[in-house]
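The chain contents come next:
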Amino acid sequence: MKQVNSIRSIKGFTLIELLVALTIIVILAVTVYAALNPAQRLTDSKNARRVADLSEILTAVHQSVVDNKGTYPTNLPTTETQLGSGASGCALTTTASTPGCTIAATACADLMADVGQDLIPYLGSMPIDPVGTAGGATAAKTGYSIKRDSTTGIVTLKACYTEGGTTISVSR
């Protein structure tokens, strides 16, 4: 008698086995994506860049003060002013896109102006906030503010376009 091939003798995976494997792969992919959280990583990297930029500017200001025997750079303001080369349009109010700064001054503080004592020997160029031109930061309006306390001489820099509800400022 001849034996007929049954369905069970055909090699391959059943539909249930394929669905279980696919479900496991999807669960792993969702877990990895949630653990990496790319949006949070992007926010963290931009804020880290802001801290580095502010530290670089503050170091340049203090190198200038030391090299010039305690004299502050020519255009260093005593009220909070946005850094940049812009002669107008530099005022900022606290909004969702600029949570870190409230600036009344309409002209920017140009510390790279090549007049008197400036930061040209200490900075290649003035850093610009990582939001870039799409977010409103340019060489004319960098997105960073500076202020020198006229009593104590403490210089404070702030990042105006911070993300994630973070306030970023450095003082020395």
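Our structure is the block above this text.
Computed from a prediction, not measured in an experiment: that's the story for all the values here. (Residues numbered from 1 in each chain as written. Predicted model: local features only at pLDDT ≥ 70, side-chain atom pairs only at ≥ 80, totals over all residues. Heavy atoms only, no water.)

Looking at the state of the cysteines
Stage number 1. Applying the stated criterion across every chain yields a total of two disulfides.
Stage number 2. Linked covalently through their sulfurs, C101 and C160 form a disulfide whose S-S length is 2.1 Å. With the S-S bond torsion at -90 degrees, the cross-link from C101 to C160 turns out left-handed. With a gap of 59 residues between them, C101 in the loop between β1 (81-82) and α3 (132-135) and C160 in the loop between β3 (155-159) and β4 (169-171) connect regions that are remote in the sequence. (Disulfide = S-S within 2.5 Å. Helix = DSSP H or I, 4+ residues; strand = E, 2+ residues; numbered from the N terminus.)

Side note on the packing of aromatic side chains
Stage number 1. Tallied over the full model, the rule gives zero aromatic pairs.
Stage number 2. The aromatic ring of Y72 is capped on one face by R148, whose charged end is 4.6 Å from the ring centroid. (Phe/Tyr/Trp six-rings, centres within 6.5 Å; stacked < 30°, edge-to-face > 60°. Lys NZ or Arg CZ within 6 Å of the ring centre and 35° of its normal.)

With respect to a nonpolar patch on the surface
Stage number 1. Among the surface-exposed residues, L15, I16, L19, V20, I24 and L28 lie close enough to one another that they form a single nonpolar patch of about 610 Å² accessible area.
Stage number 2. Take I24: it is sitting in helix α1 (residues 15-36).
Stage number 3. Under the relative-accessibility criterion, I24 is labelled partly exposed at 47%. (Patch = residues over 30% accessible without salt bridge, like charges linked within 9 Å, V, L, I, M, F, W, Y side chains within 5 Å. Areas by Shrake-Rupley, 256 points an atom, 1.4 Å probe, with all protein chains shown as cover. Salt bridge = Lys/Arg side-chain N within 4 Å of Asp/Glu carboxyl O. Buried < 20%, exposed > 50% of the residue type's maximum accessible area, 1.4 Å probe, protein only.)

Describing the pattern of salt bridges
Side chains carrying opposite charge are able to pair once their charged atoms draw close together.
Stage number 1. Enumeration over the complete set of coordinates arrives at six salt bridges.
Stage number 2. Salt-bridge contacts for D129 lead to R50; the nearest nitrogen and oxygen are separated by 2.8 Å. Pair noted here: D129 is in the loop between β1 and α3 and R50 is in helix α2 (residues 38-67), with a separation of 79 residues, a long-range link. Here D129 and R50 have matching classes, each one buried.
Stage number 3. One salt bridge in this structure joins E80 and K158, with 3.9 Å as the shortest N-O distance. Taken together, the residues span a long stretch of sequence, with E80 in the loop between α2 and β1 and K158 in strand β3 at a distance of 78 residues.
Stage number 4. Bridged by salt links that share partners, the residues K46, R50, D129 and E163 form one connected network.

Some words on the sheet that holds strand β2 (residues 144-148)
Stage number 1. Strand order in this open sheet of four strands is β1-β2-β3-β4, and the pairing throughout is antiparallel. Edge strands, defined here as strands with exactly one partner in the open sheet, are β1 and β4.
Stage number 2. Examined bridge by bridge, β1 and β2 share two bridges and lie antiparallel to one another. Each residue of the ladder has a partner; that of T81, found in β2, is I146.
Stage number 3. The sheet contacts of α2 involve β2, β3 and β4, and relative to β3 the element is tilted by about 155 degrees. (Pairing = 2+ DSSP bridges. Contact = heavy atoms within 4.5 Å. Axes fitted to C-alpha atoms, helices over the stretch in contact; angles between N-to-C directions.)

A short note on unusual backbone geometry
Stage number 1. One non-glycine residue, N37, lies in positive phi territory at about 40 degrees.
Stage number 2. On the accessibility criterion, N37 (33% relative accessible area) is partly exposed.
Stage number 3. Phi at K69 is positive, roughly 55 degrees, even though this residue is not glycine.
Stage number 4. Within the secondary structure, K69 sits in the loop between α2 and β1.
Stage number 5. Note on K69: relative accessible area 79%, which makes it exposed.

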